[in-house]
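# Structural overview
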Amino acid sequence: PQYRRHWATVSSKTMSDMEIILRVGKEEFVTSKATLCSEHSKGSLFETLTVQEPYKVWIDRSPKHFTKILDFLRDGWCLLDDCGLNELRELRQE
């Protein structure tokens, strides 16, 4: 993904069950470090993510498809049946 990380606090803390708040655009998503660093995150910003308190990361992207991105990171797949061609192109770009 082509995410640009504008704000994050970096440390060596890497507990896999750490709750992380991702602020994507103007929306917040709560997930775990294990999800962000799953085997499906290879080559993405999340692969090397390290954070410390307050466990928040701001991502300067649209939140439109972010739920699907998190689903993919968790499970290695996500349901795309409800997506039209333009939405699939947008998702690929993310």
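Residues numbered from 1 in each chain as written. Predicted model: local features only at pLDDT ≥ 70, side-chain atom pairs only at ≥ 80, totals over all residues. Heavy atoms only, no water.

### Focus: helix α2 (residues 66-75)
Looking at α2, one finds that the buried residues are F66, K68, I69, L70 and L73. Elements in contact with the buried residues of α2: β2 (19-24), β3 (27-32), α1 (33-36), β4 (56-59) and α3 (85-93). Looking one or two residues past α2, G76 carries a phi angle of roughly 85°, positive in sign. (Buried < 20%, exposed > 50% of the residue type's maximum accessible area, 1.4 Å probe, protein only. Helix = DSSP H or I, 4+ residues; strand = E, 2+ residues; numbered from the N terminus. Contact = heavy atoms within 4.5 Å.)

### Digging into the packing of aromatic side chains
On inspection of all chains with the given rule, the structure shows 1 aromatic pair. Ring geometry for F29 versus F66: centroids 4.9 Å apart, planes at 55°, classification tilted. Of this pair, F29 sits in strand β3 while F66 sits in helix α2, placing them 37 residues apart in sequence. Note on accessibility: F29 and F66 belong to one class, buried. (Phe/Tyr/Trp six-rings, centres within 6.5 Å; stacked < 30°, edge-to-face > 60°.)

### A word on the pairing of β2
Of the pairings in the sheet, the one linking β2 to β3 comprises 6 bridges and is antiparallel in character. Bridging across to β3, E19 finds its partner in S32. Here β2 folds back onto β3 in antiparallel fashion, the turn holding 2 residues, of which G25 has a positive phi close to 60°. (Pairing = 2+ DSSP bridges.)

### So, the pattern of salt bridges
For side chains of opposite charge, pairing can occur when their charged atoms come near one another. Taken as a whole, this structure holds 4 salt bridges when the rule is applied. Note that R74 and D71 form a salt bridge whose closest N and O atoms lie 3.2 Å from each other. Pair noted here: R74 and D71 are both in helix α2, with a separation of 3 residues, about one helical turn. For R74, a relative accessible area of 40% gives the class partly exposed. On the basis of relative accessibility, which here comes to 29%, the residue D71 falls in the partly exposed class. (Salt bridge = Lys/Arg side-chain N within 4 Å of Asp/Glu carboxyl O.)

### Focus on the side chain of E94
With respect to the helices and strands, E94 occurs in the segment after α3. A polar side-chain atom of E94 sits 2.9 Å from a polar atom in the side chain of R61. (Polar contact = N/O pair within 3.5 Å; in protein donor to acceptor, adjacent residues only side chain to side chain.)

### Focus: the side chain of K68
Structurally, the position occupied by K68 is in helix α2. Judged by relative accessible area, K68 falls into the buried class, the value being 19%. Beyond its immediate sequence surroundings of up to four residues, K68 is in contact with C78, L79, L80, D82, C83 and L91.

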